[in-house]
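Observations on the model geometry
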There are 2 protein chains.
Amino acid sequence: MVGKREGGGEGRAGTRASPRRRPTIQDLARAADISPSTASRALSGNGYVSAEVRARVLAAAEEIGYVPDSIARSLRSRTSRAVGVLISDIRNPFYANLAAGIEERLRSAGYHVIVVNNDGEADAEVEGARTFLAVRVSAAIVTPVSDRAVRMLMSDGVPVVQADRLVDGLSSDAVLVDNVQGAQEITSHLVDLGHRTIALLIDETDWTSGAGRLAGYRAALRAAGIPMDPALVVPTRFQPDAAREAVDALLDRRPDVTALFAANNLLAEGAFQALRLRGLRVPEDLSLVAFDDLPWMSMVSPGITTVDQHTAELGRTCAQLVVDRIAGSESGEATVRYIEPSIVIRSSTAAPREPSVPVARAASTQVGPVTS
Amino acid sequence: MVGKREGGGEGRAGTRASPRRRPTIQDLARAADISPSTASRALSGNGYVSAEVRARVLAAAEEIGYVPDSIARSLRSRTSRAVGVLISDIRNPFYANLAAGIEERLRSAGYHVIVVNNDGEADAEVEGARTFLAVRVSAAIVTPVSDRAVRMLMSDGVPVVQADRLVDGLSSDAVLVDNVQGAQEITSHLVDLGHRTIALLIDETDWTSGAGRLAGYRAALRAAGIPMDPALVVPTRFQPDAAREAVDALLDRRPDVTALFAANNLLAEGAFQALRLRGLRVPEDLSLVAFDDLPWMSMVSPGITTVDQHTAELGRTCAQLVVDRIAGSESGEATVRYIEPSIVIRSSTAAPREPSVPVARAASTQVGPVTS
DNA sequence: CTGTTAGCGCTTTCAC
DNA sequence: GTGAAAGCGCTAACAG
């Protein structure tokens, strides 16, 4: 496009400046003195080619700087090495790490990644799906917002892997975090320290992620025989500021709260600020825990006790599933894999100021989904 | 790929389960009762089509669920809506924000983004460039590691925008941060507070980014009449751990240091840890500043005084340059734009314990590159 | 304003 | 093991 303009003025019919058509497989064939079909076979490895000829072709390719045109290849072979990745917000380190894990594994498997952000909006998500269809990705990985995009992709035969959460009623492959387990464990950690009035700060419970965390929180309380107080489940929006205000309001209303569980990293940020602004000491005045471990959580003081979701591993697992699915080595049915989170205990949790009597936990607290 | 397998068993010759060939422009033409070329014109907007026919085509497209195959379109028209983005490590929030800014602007301009990470390795970078060439991206944005990838892209006529730093001797478009200016301002801030023994923690000075920061640091000292002490420029690797050790060693060696300037966010992380591990109070015992502002820097106490690079804006500017370049509205020559950083003063900086006599700054300290 | 023709660069039968 | 021929789905000439 741009280069062409140059051609006009400084046309020194020499090496550069000219639009210089890229070598095609025809050129390569000519250079290696064989037919295009043989060249194709030599490069792609499909079909028979004598070792001698293959070497010659490879050398010639290097020589003339031949790079196969994957557009043409895709058109003809009806496949592509592109995988679509549709995520909510790459600015959020959670998604960034997810994307990084995906890209890493996919790249090493010879695929490349088309990333589209949807900012959590269903329309943008559908638009992204349309793009994926247009460029004929061979699979898609999506952190779903609504079911529309996933449905659209699937109905066109594109294998999709849902990441982090599952949209109802769709039987695609998926890789999820065991939210119930993680939330239960970290809540139990608080319970074990003696907390009985534990608030959960959460932005949504419609997705499997939020629902699971809520369920885990409840399960831990139930297991400890602590009655559920609905007023301790604090709804908020998916933004630090909103979370900060929500926590502030909660503490005005319920000064008896001794521990706070933020359901994700953004809410944790807001909660952390709210506590600091109020001049509350953590963990002396209030214990704080969060779902989703980020670097800053170990940099602040006190370090925050969290549930580490192993996000990069989540991403790599998604990518692996995609690769297997494309290769056809996955069974026909949808496979769902769970990543087991682990809790990281730091300094933001301690026994409450006036400890309640520690409650014995029920022996059997198994409630999480069965792992893969 | 995957869907096909289903066809065998549960073959209810009905609506789904079958491979169901995607509608082509032929199908669309048939449905709208016109020729393929007219359908093409109606969709792409190139050439004349009566309003009546266009409406009919659009309706038919909606009706049969036609999505243009951009593979075929690209092959024929020798253009694509794909832009390659080649960055070092999307896990690093700096690059994540850069990518987010790029994606945002590009998406709204109708392009999609192919992201490849190179982990700072030149070979991986070249591999990424090869991918871009293969899929015929219409432009590329790269945070260059070596000159090879950029050179390769450019020699094939792909417009490239270098982001954040510039590789020597290549005249591509670029968007850079005014590193000299930012580093000078923040160093001067320390000087103004009375610091005279300011260490710079830096991982590289080969790229324009590191070189600029070093130059800004030096310019500020020079302007203040403070002699350069080479031992205060502390080299380290691009990792928090390495930075932590480097700071530790520095402070063993030079207890007289009163302020520390970390040249990027990773080094800042290491520096912050080192200071905490040593039990030093910031800013009472030592002031700390950093280049590149990240959320955690305002969450820790004390909040860290930083240079905000406006990374998302940097990304958007790169994308805009790409769009303009593709549209041909940019001049023939390479254009370089600078982003003006701003310094964010928080609580990690204060006068040194035993303040030196504040030094009057020279009146004219203009040394930065001239802005765009 | 619309239709016809040709061909982008590659892979894939199908002969040999 | 290799080559010849056909065509993926689309759009750019060119007629009409």
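Throughout, residues of each chain are indexed from 1 in the direction in which the sequence is written. Chains and ligands are labelled sequentially in the order written, the chains with letters from A and the ligands with numbers from 1. It should be noted that, the model being predicted, local features are given only for residues of pLDDT at least 70 and side-chain atom pairs only at 80 or more, the latter also being counted only at that level, while totals for whole chains, interfaces and linings use all residues. Only hydrogens and water are set aside; all other atoms, that is, all heavy atoms of the structure, feed into the side-chain values.

1. With respect to the domain arrangement of chain A
Residue and element names in this part refer to chain A. Split by domain assignment, chain A resolves into domain 1 (25-68), domain 2 (77-171 + 312-340) and domain 3 (179-304). With nine residues of domain 2 at the interface, the matching set in domain 3 holds 11 residues. The term buried area refers to how much accessible surface (probe radius 1.4 Å) is lost by two components on association, counted for both of them together. Together domain 2 and domain 3 conceal approximately 760 Å² of surface at their shared face, both sides included; 54% is due to carbon and sulfur atoms. When the buried surface of domain 2 facing domain 3 is broken down by residue, Asn92, Asp164 and Arg165 rank first, second and third, together holding 44% of it. Take a side-chain nitrogen of Lys or Arg and a carboxyl oxygen of Asp or Glu: if they are within 4 Å of each other, that pair is a salt bridge. For the interface between domain 2 and domain 3, the tally reads zero salt bridges. Residues adjacent in sequence count toward polar contacts only when both atoms are side-chain atoms; beyond that, a polar contact is any pair of N or O atoms within 3.5 Å, and within protein one must be able to donate a hydrogen and the other to accept it. One can count three residue pairs in polar contact (both at pLDDT 80 or more) joining domain 2 with domain 3. Domain delimitation in this document rests on an assignment produced automatically or drawn from a domain database. The contact criterion used is simple: two residues touch if any of their non-hydrogen atoms lie within 4.5 Å.

2. Some remarks on unusual backbone geometry
Cis rather than trans, the peptide bond between Val282(A) and Pro283(A) has omega equal to 5°. Tracing the chain through its elements places Pro283(A) in the loop between α12 (265-277) and β9 (287-291). Of note in this structure, Arg136(B) is not a glycine but carries a positive phi near 55°. Segments assigned H or I by DSSP are reported as helices when at least four residues long, segments assigned E as strands when at least two residues long, and all are numbered from the N terminus. Relative to the assigned elements, Arg136(B) resides in the loop between α7 (122-134) and β3 (139-142).

3. Digging into the protein's contact with DNA strand C
Within the structure, DNA strand C sits among 23 residues, and Ile25(A), Arg73(A), Ser37(B), Arg76(B) and Arg78(B) are positioned closest to it. Looking at DNA strand C alone, sugar and phosphate atoms form 59% of those within 4 Å of the protein. Between DNA strand C and the protein, one listed contact pairs a phosphate oxygen with a backbone N or O atom of Ile25(A) at 2.3 Å. Ala72(A) has a polar backbone atom sitting 3.3 Å from a base nitrogen of DNA strand C. Listing elements by their share of the surface near DNA strand C, those giving two or more residues are α3 (36-44) and α5 (70-77) of chain A together with α3 (36-44) and α5 (70-77) of chain B. For the surface near DNA strand C, the element with the highest residue contribution is α5(A), accounting for four residues. Considering only residue class, the surface near DNA strand C consists of nine nonpolar, eight polar and six charged. Neighbouring residues are identified by heavy atoms, a residue being near a molecule or strand if any of them is within 4 Å of it. For this scheme, ten residues count as nonpolar: Ala, Val, Leu, Ile, Met, Phe, Trp, Tyr, Cys and Pro. Four count as charged, namely Asp, Glu, Lys and Arg, and the remainder, Gly too, count as polar.

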